[in-house]
Amino acid sequence: MFDLDQLRRTKWHLDARPIRTLEEAREFIESVGFCLLYPLKPPVLVPTFIGAWAGGEDHLPTWQHAYADPRAQQATDLMVRLLREQAAYEANLFDENNAFLVAGSIFPYFYALVGERNPKQPPKPGPRSEYSQLACDAYEIIRREGPVSKHHLLESLGGGTSTPALDKSLAELWSKLRITRVDYKPGEGASWDVLYRWSPEAVREGIGISVAEALSALLSKYLDCVIAAEQQEVEAFFGNFVPRSRIKEAINALLSARELSFIHVGNRSLIQMSPGKGESAVRPSQPRSIKR
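The shown structure was predicted, so the numbers you read here are calculated from the model rather than taken from an experiment.

S.K.: Which parts of the structure should I look at to understand the environment of Pro-39?
M.R.: One can find Pro-39 in the loop between strand 1 (34-36) and helix 3 (49-54). Along the chain, Pro-39 and Glu-140 lie 101 residues apart, while their C-alpha atoms are 34 Å from each other. With near-sequence residues (within four places) excluded, Pro-39 lies in contact with Thr-48, Ile-50, Leu-60, Pro-61, Thr-62 and Asn-98.

S.K.: How should I be thinking about the layout of surface pockets in this particular structure?
M.R.: In this approach a probe as big as a water molecule rolls over the atoms, and the regions it shows empty are the leftover space. For the largest pocket, the calculated volume is near 870 Å³. Contributing to the lining of the largest pocket are 34 residues, with Thr-76, Asn-97, Arg-181, Tyr-184 and Ala-190 lying nearest its centre. The set of elements that each furnish at least two residues to the lining of the largest pocket consists of helix 4 (70-84), helix 7 (150-157), helix 8 (163-175), strand 5 (179-185) and strand 6 (189-194). Take the lining of the largest pocket: its biggest share by element is 8 residues, from helix 4. Each residue belonging to the lining of the largest pocket can be placed in one class, and the counts come to 18 nonpolar, 6 polar and 10 charged. Empty space within the second largest pocket amounts to approximately 430 Å³. Surrounding the second largest pocket, 20 residues form its lining, Trp-12, Pro-39, Val-44, Val-46 and Glu-57 being those nearest its centre. Broken down by secondary-structure element, the contributors of at least two residues to the lining of the second largest pocket are helix 1 (4-11) and helix 3. Element by element, the count of residues in the lining of the second largest pocket is highest for helix 1, at 3 residues.

S.K.: Quick question: what am I supposed to make of the sheet that holds strand 3 (residues 98-103) here?
M.R.: Two modes of strand pairing occur in sheets, parallel and antiparallel, and in both the strands are linked by backbone hydrogen bonds. What the 3 strands build is an open sheet, ordered 1-3-2; its pairing is antiparallel. The open sheet has two edge strands, strand 1 and strand 2 (88-95), and neither has a second partner. Between one strand axis and the next, the sheet turns by 30 degrees as a mean value, whatever way the strands run. The sheet contact formed by strand 2 and strand 3 spans 5 bridges and is antiparallel. The partner of Tyr-89 across the bridge, within strand 3, is Val-102.

S.K.: Looking at this structure, how should I read the pattern of salt bridges?
M.R.: Inspection of every chain in the model, using the stated rule, returns 19 salt bridges. When the shortest N-O distance is used, the salt bridge between Arg-143 and Glu-140 registers 2.5 Å. In this pair, Arg-143 and Glu-140 both sit in helix 6 (residues 133-145), 3 residues apart, roughly one turn of the helix. Under the relative-accessibility criterion, Arg-143 is labelled partly exposed at 28%.

Quick notes on the rules
Throughout this document, residue positions are counted from 1 along each chain, in the order its sequence is written. pLDDT decides what is reported in this predicted model: residues at 70 or higher carry local features, side-chain atom pairs at 80 or more are listed and counted, and totals for whole chains, interfaces and linings draw on all residues regardless. Note that the side-chain values use all heavy atoms of the structure and ignore hydrogens as well as water. Only DSSP runs of H or I reaching four residues or more are called helices, and only runs of E reaching two or more are called strands; each is numbered from the N terminus. Working rule for contacts: check all heavy atoms of both residues, and any pair within 4.5 Å makes them a contact. Points on a 1 Å grid over protein atoms alone make up a cavity when a 1.4 Å probe fits among them but cannot get out, and a pocket when they form an open set with protein on both sides within 12 Å along at least five of seven lines; lining residues each have an atom within 4 Å of a point. Grid points are joined across faces, edges and corners, and a volume is the space filled by probe spheres set on the points. Gly is placed with the polar residues, together with every amino acid not listed as nonpolar (Ala, Val, Leu, Ile, Met, Phe, Trp, Tyr, Cys and Pro) or charged (Asp, Glu, Lys and Arg). In this scheme, strands are said to pair when DSSP sees at least two bridges between them. For helices, the fitted line uses only the C-alpha atoms of the stretch in contact; every axis is such a line through C-alpha atoms, and the angle between N-to-C directions lies from 0 to 180 degrees. Definition used for salt bridges: Asp or Glu carboxyl oxygen within 4 Å of a side-chain nitrogen of Lys or Arg. Each residue gets one of three labels from its accessible area relative to the maximum for its type: buried under 20%, exposed over 50%, partly exposed in between, using a 1.4 Å probe on protein chains only.

Dropping the structure here:
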């Protein structure tokens, strides 16, 4: 019997096997590839880090209620340790208050889809630019002085810059992987750095991967993570950062190559990794130095 829910619960550590150590957290993120820190409403078909930390999915907080749940701080502390050593990377995909984590081994593929192909060229404001003047000014300070805290950025930008305006500008830069949060300290908050300096090898590797190769690899890893899914569920997830027309093309190409196949569960037709294919679409990454 193909018990999809049970297979996911096992893979996502929702079966009373909580992750507690850094090694367990590394193994979890490498196994699933992607996860959110907290569940979203409406839900997104992806595991959560706090669910794996708790070992279950009962009464998990959303980010809006995390302040009142002691599990949230403990899970966040473990997540920050993953980020510090680049075992995982954080992206601003769903909500800047709810970390979206990508495993270190597949992050170059994610960067190939989302990041800038010429990251050392500073962003410029303008009528057709994706970046505001404030975002460009903040980027220059981070590039020159980073890692820097948000408090330091506010001081450097001068009075008249509000916290909400700075948050919006940081989100502009983060959404294109220009910058990333690299640490968090009580009293100081998050520290930011330019991504190409924080993780030069991952950025270089990502620049060298084509969009088609990256999407195929991430589609395969996602299906390995969720075991099997309806095509519309796959499109809903990847549609957050890739045009749906391109997702359909990639799925059809993988089906034609027999990397993916259909399986029927009840009255649902699901896509899965073809038996024996495993994670063949993802090239192994070279080991990277670990920052401690």
